[in-house]
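Each chain is listed here by its residues.
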Amino acid sequence: MIRTNLFQETNVHRIVDHAGCFSVLEYDRDISVTPESAASAYFAAQMNVKKRQVIAQLDGGGVILQAGAMQMMVGQVNAVTNVKGAGDLMKKFIGSKVTGETAIKPRYVGNGVLVLEPTYRYILFEDLSNWNGGMVIEDGLFLACEDTVEMRVSSRKSMSSAVLGGEGFFNSALSGTGVAVLESPVPADELIVVDLENDVLKIDGNMAIAWSESLNFTVERTTNTLVGSAASGEGLVNVYRGTGRVLVAPVMRNFGISIPKSGT
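Residues numbered from 1 in each chain as written. Predicted model: local features only at pLDDT ≥ 70, side-chain atom pairs only at ≥ 80, totals over all residues. Heavy atoms only, no water.

S.K.: Talk me through unusual backbone geometry; I want residue IDs and the actual numbers.
M.R.: One non-glycine residue with positive phi stands out, namely Asn48, at about 70 degrees. Here Asn48 lies in the loop between helix H1 (38-46) and strand S3 (52-65). Backbone geometry places Asn132, a non-glycine residue, at a positive phi of 55 degrees. With respect to the helices, strands and loops of the structure, Asn132 is situated in the loop between strand S6 (122-127) and strand S7 (134-137). Assessed through its relative accessible area of 43%, Asn132 is described here as partly exposed. (Helix = DSSP H or I, 4+ residues; strand = E, 2+ residues; numbered from the N terminus. Buried < 20%, exposed > 50% of the residue type's maximum accessible area, 1.4 Å probe, protein only.)

Written as structure tokens, this is what we have:
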């Protein structure tokens, strides 16, 4: 028998969110500091810069993690490579080269508790049932998912979106059923969620961090003419058409806001 205080609220940490088999353990304040770093740690906590750990409770099921994300396995939990053969290994290797993700993502199965490495990034739980069949994510966002979720490479449907959209030629796509865990640089409270139903969303820049794979993504001029686009000062915009969902980070890619110039 194993007992742990992971799920018990203490003076330092508490469970703040959960979905599917996953929970988020958040450290309200960092007390493992030195006298020199105490002030920085205090003000960091006030601005929601906190350590967070994802915990997966396994009851005969399984989860898939980003390589190197596991910290502890408590109970009868085992790791497998999640590679079905030489062909599958080659497919995963090629996918890793075009998306920047790791080729092998280990799968953990059994009965027990799986604890992931702490992170200062923000944790998003996304149920794929809300994404109209599947979601495309920015590189580096994937942290974990239930093993009922399929991860593959999604390519651009048009040259304009790949060359001019700032998103690259390929991204990771998640489909199937279950919960995906994303490691976001922007907290959920700041994200703008846009649900489209046979409609259109236009964004000035690559501010979207995830969108439904069912949406048609193109890059277009803001007006019908080059002169009009130049006069408006906007130029090209990323356009998402159809039915689905888009997550927009208002400052992540706006370096003029998120990284102000010194002296301003």
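S.K.: Got a sec to walk through the nonpolar core? Specific residues and values, please.
M.R.: Membership of the largest hydrophobic core comes to 20 residues, with the highest contact counts inside it found for Phe22, Val63, Leu65, Leu114, Leu116, Phe125 and Val181. The set of elements that each furnish at least two residues to this core consists of strand S2 (22-27), S3, strand S5 (107-116), S6, strand S8 (142-146) and strand S11 (179-184). Residue contributions to this core peak at 5 residues, all from S3. In this structure, Leu65 is in contact with Met70, Lys105, Pro106, Tyr108, Leu114, Leu116, Phe142, Leu143 and Ala144, ignoring residues within four places of it in sequence. By size, the runner-up hydrophobic cluster in this structure holds 19 residues, among which are Leu128, Val149, Ala180 and Leu191. (Core = buried A, V, L, I, M, F, W, Y, C linked by side-chain atoms within 4.5 Å. Contact = heavy atoms within 4.5 Å.)

S.K.: Could you give an account of the pairing of S11, naming the residues involved and the relevant values?
M.R.: Burial within S11 is extensive, with 6 of its 6 residues counted as buried. Relative to S11, S6 runs antiparallel, the two sharing 6 bridges. Residue pairing in the sheet places Tyr122 in a bridge with Ser184 of S11. Where S8 and S11 come together, 3 bridges link them in antiparallel fashion. Bridge pairing links Phe142 to Leu182 in S11. (Pairing = 2+ DSSP bridges.)

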